[in-house]
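Breakdown of the fold
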Amino acid sequence: MKALVKHMELTGTMVVLSGLRIGAGGASLEIGGLDNPIVRHPVTRQPYVPGSSLKGKLRSLLEVSNFQVGNFTEPRATTGPCGCNNCAVCWLFGCGRAQDAQEPSRLIFRDCTMLPESLESLKPLMSEGIFYSEVKAEVTMDRSTGKVGQAGPRSMDRIPAGAKLNFQVTVRVLEGDNEGHMKQALLHALSLLESEGMGGSVTRGYGQVKFEGLTWSEKSAKLGATA
């Protein structure tokens, strides 16, 4: 394996432009509870965006866009999930096939947690029995009749528009890696995410986000050294 040279870090703020939901997949439904709760910290009950959700979405966007950079100039064989271990996406995110993974993923995504100012602005919602989120009521439609479906209304838990969350990605730079290409790829993926959105029900207006104040910093692989 190639030696680790240093870490680069991209930090900033994720701003929610329309209600964002990363489903918690609750195992049970409480009486009077939400039909579709979002993922939350188990102790504070504060909503957050898991790093795994962010990583998966960004990888899939680069895959379908057939993004290539630097030495990875040949078109990929597929625009779907990739495990070729020989393209820009596999280089940055790691190879999907363990037996072919010669190197680790270059990108380390952190959970996006709410900024204190957003938690403060959402405190009034707690008096309604909701913790730092909004509830959107929806109904299903019978398209053949144009009437409300028999399933009845459902409640969707969402991080409200206007909420701001910390954003942080650590980039491993190994021997021979091109830092400029890494930055280009990651910023391109974030641009695609701003165009599409993330989380559930994106095609129905959910999950539009933008990134503000993006800043790069560096830290040497030597203990305690910074740049």
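Structure: above.
A brief report on the enclosed structure follows. (Residues numbered from 1 in each chain as written. Predicted model: local features only at pLDDT ≥ 70, side-chain atom pairs only at ≥ 80, totals over all residues. Heavy atoms only, no water.)

**Topic: the overall build of the protein**
Looking only at helices and strands, one finds four helices and eight strands in the protein. In the protein, the succession of helices and strands from N to C terminus is β-β-α-α-β-β-α-β-β-β-α-β. Within the protein, the proportion of its 227 residues that are buried is 38%. For the protein, long-range pairs separated by at least 24 residues make up 70% of all intrachain contacts whose partners lie at least 6 apart in sequence. Accessible surface for the protein amounts to roughly 12,300 Å². Of this, 51% is attributable to carbon and sulfur atoms. (Helix = DSSP H or I, 4+ residues; strand = E, 2+ residues; numbered from the N terminus. Buried < 20%, exposed > 50% of the residue type's maximum accessible area, 1.4 Å probe, protein only. Contact = heavy atoms within 4.5 Å. Areas by Shrake-Rupley, 256 points an atom, 1.4 Å probe, with all protein chains shown as cover.)

**With respect to the environment of Gln-184**
By secondary structure assignment, the location of Gln-184 is in helix H4 (residues 179–196). For the pair Gln-184 and Val-69, spaced 115 residues apart in sequence, the C-alpha separation works out to 8.3 Å.

**Thoughts on the packing of aromatic side chains**
Counted according to the given criterion, the structure contains two aromatic pairs. Both rings, one in Phe-93 and one in Phe-109, keep their centres 6.2 Å apart while their planes meet at 15 degrees; by these two values the pair is stacked. Of this pair, Phe-93 sits in helix H2 (residues 88–93) while Phe-109 sits in strand S3 (residues 107–109), and the two are 16 residues apart along the sequence. There is no split in this pair, since Phe-93 and Phe-109 are both buried. Here the basic side chain of Lys-183 rests over the ring of Trp-216, its NZ or CZ set 5.2 Å away from the ring centre. Residue placement shows Arg-204 over the ring face of Tyr-206; its charged tip is 5.5 Å from the ring centre. (Phe/Tyr/Trp six-rings, centres within 6.5 Å; stacked < 30°, edge-to-face > 60°. Lys NZ or Arg CZ within 6 Å of the ring centre and 35° of its normal.)

**Remarks on the sheet that holds S3**
Pairing is antiparallel across the open sheet formed by four strands, whose spatial order is S3-S7-S1-S8. The sheet terminates laterally at S3 and strand S8 (209–220), the two strands that pair on one side only. Shown here is a sheet whose adjacent strand axes are inclined to one another by a mean of 20 degrees, direction ignored. Alignment of S3 against strand S7 (residues 164–174), held across three bridges, turns out to be antiparallel. If you follow Leu-107 over to S7, its bridge partner there is Val-171. (Pairing = 2+ DSSP bridges. Axes fitted to C-alpha atoms, helices over the stretch in contact; angles between N-to-C directions.)

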